[in-house]
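Each chain, letter by letter, is given below.
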Amino acid sequence: MSGAPFQLSPLAAAHDRTLFDCGSPPLNRYLREHATQDIRRRVAACFVASPDGQRIAGYYTLASASLLLVDLPAVVGKKLPRYPTVPAVRMGRLAVDQAFKGQGLGGALLADALTRAARAEIAAYALVVDAKDEPAAQFYRHHGFVALPEAPRTLFLPLATIELLPVPGRHPGQSQGR
Ligand SMILES: CC(C)(COP(=O)(O)OP(=O)(O)OC[C@H]1O[C@@H](n2cnc3c(N)ncnc32)[C@H](O)[C@@H]1OP(=O)(O)O)[C@@H](O)C(=O)NCCC(=O)NCCS
């Protein structure tokens, strides 16, 4: 990696999706074959980190979601209104190309996702993720996510938490656009 800051922006035609390899074939295939269609159908938004406006070093997707109030840990649920569901934003996918792993980009993408979800005008209580395996769940727990008691691979982080995160400019990624 050059050490230059990444551009974090919505996936666009200029981005080359063919070379991306995070080591997980389903996550590579999603970016290559399905992301654009999901964006067009408005079922997901996709954001990428790029060192040069073309190569994709990492990506994540966001879509609106909801959590059942009864699924949240009791200590959290009792502080929320008694509606059956709690609004949330789902980060459906998060992946970093193998050439860029272990350099803080995954954390920067996560911070960018939290920032975008928190500044949206439509309210959401938390960012929610479905970890694909135990290492992924560990990554999210490392960043403060809490597992649902009955579904440990589904984890959430209240968006109020982002006030505690470092300022985005201090991450390797630099947010661009919405
Ligand atoms: C998980 C993934 C996104 C992490 O990306 P990355 O750029 O290598 O991670 P970072 O370098 O930003 O690591 C950020 C922090 O998380 C920690 N971390 C990374 N992977 C971790 C893991 N599996 N368990 C616990 N902590 C982890 C790092 O030690 C680092 O800690 P620090 O900030 O205290 O130094 C990346 O490994 C990946 O794309 N994996 C394959 C796809 C995947 O599993 N996606 C998860 C969503 S289902």
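Cut-offs applied
- Residues numbered from 1 in each chain as written.
- Predicted model: local features only at pLDDT ≥ 70, side-chain atom pairs only at ≥ 80, totals over all residues.
- Heavy atoms only, no water.
- Phe/Tyr/Trp six-rings, centres within 6.5 Å; stacked < 30°, edge-to-face > 60°.
- Helix = DSSP H or I, 4+ residues; strand = E, 2+ residues; numbered from the N terminus.
- Buried < 20%, exposed > 50% of the residue type's maximum accessible area, 1.4 Å probe, protein only.
- Contact = heavy atoms within 4.5 Å.
- Near = heavy atom within 4 Å.
- Polar contact = N/O pair within 3.5 Å; in protein donor to acceptor, adjacent residues only side chain to side chain.
- Nonpolar A, V, L, I, M, F, W, Y, C, P; charged D, E, K, R; others polar.
- Pairing = 2+ DSSP bridges.

*Asks:* Could you give me a rundown of the packing of aromatic side chains, with the residues and numbers involved?
*Replies:* Ring pairs (aromatic) are described by centroid distance and by the angle formed between their planes. If you walk through the whole model with that rule in mind, you get 6 aromatic pairs. Taking the centre distance of 6.4 Å and the plane angle of 15° together, the rings of Tyr-30 and Tyr-59 count as stacked. Here Tyr-59 lies in strand S3 (residues 58-68) and Tyr-30 lies in helix H1 (residues 25-40), a separation of 29 residues in the sequence. For Tyr-30, a relative accessible area of 5% translates into the label buried. Residue Tyr-59 is classed as buried on the basis of its relative accessible area, which comes to 0%.

*Asks:* So what about unusual backbone geometry? Which residues, and what values?
*Replies:* Note on backbone geometry: most residues besides glycine have negative phi, and most peptide bonds are trans. Positive phi values are uncommon outside glycine, yet Arg-42 reaches one of about 60°. Relative to the elements of secondary structure, Arg-42 occurs in the loop between H1 and strand S2 (45-50).

*Asks:* Go over the environment of Asp-38, please, and point to the residues and values.
*Replies:* On the secondary structure map, Asp-38 appears in helix H1. On the basis of relative accessibility, which here comes to 17%, the residue Asp-38 falls in the buried class. The contacts of Asp-38, once residues within four sequence positions are left out, are Tyr-30, Val-43 and Ala-44.

*Asks:* Please provide a residue-by-residue account of the site of the ligand, values included.
*Replies:* Near the ligand there are 19 residues, and of these Leu-94, Val-96, Gly-104, Gly-106 and Gly-107 occur at the shortest range. Residue Pro-135 places a main-chain N or O atom 3.0 Å away from a nitrogen atom belonging to the ligand. Phe-139 is positioned such that a nitrogen or oxygen atom in its backbone is 3.4 Å from a nitrogen atom of the ligand. At the level of secondary structure, the elements contributing two or more residues to the shell around the ligand comprise strand S5 (94-96), helix H3 (105-119) and helix H4 (134-142). Per-element tally for the shell around the ligand: the top contributor is H4, with 6 residues. Considered class by class, the residues forming the shell around the ligand number 9 nonpolar, 8 polar and 2 charged.

*Asks:* Quick rundown of the pairing of S2? Include the residues and the values.
*Replies:* Counting buried positions over the 6 residues of S2 gives 5, a clear majority of the element. Alignment of strand S1 (residues 6-10) against S2, held across 4 bridges, turns out to be antiparallel. Of the residues in S2, the one forming a bridge with Gln-7 is Ser-50. Where S2 and S3 come together, 5 bridges link them in antiparallel fashion. Of the residues in S3, the one forming a bridge with Cys-46 is Thr-61.

Geometric descriptors of this kind do not, in isolation, establish any biological role.
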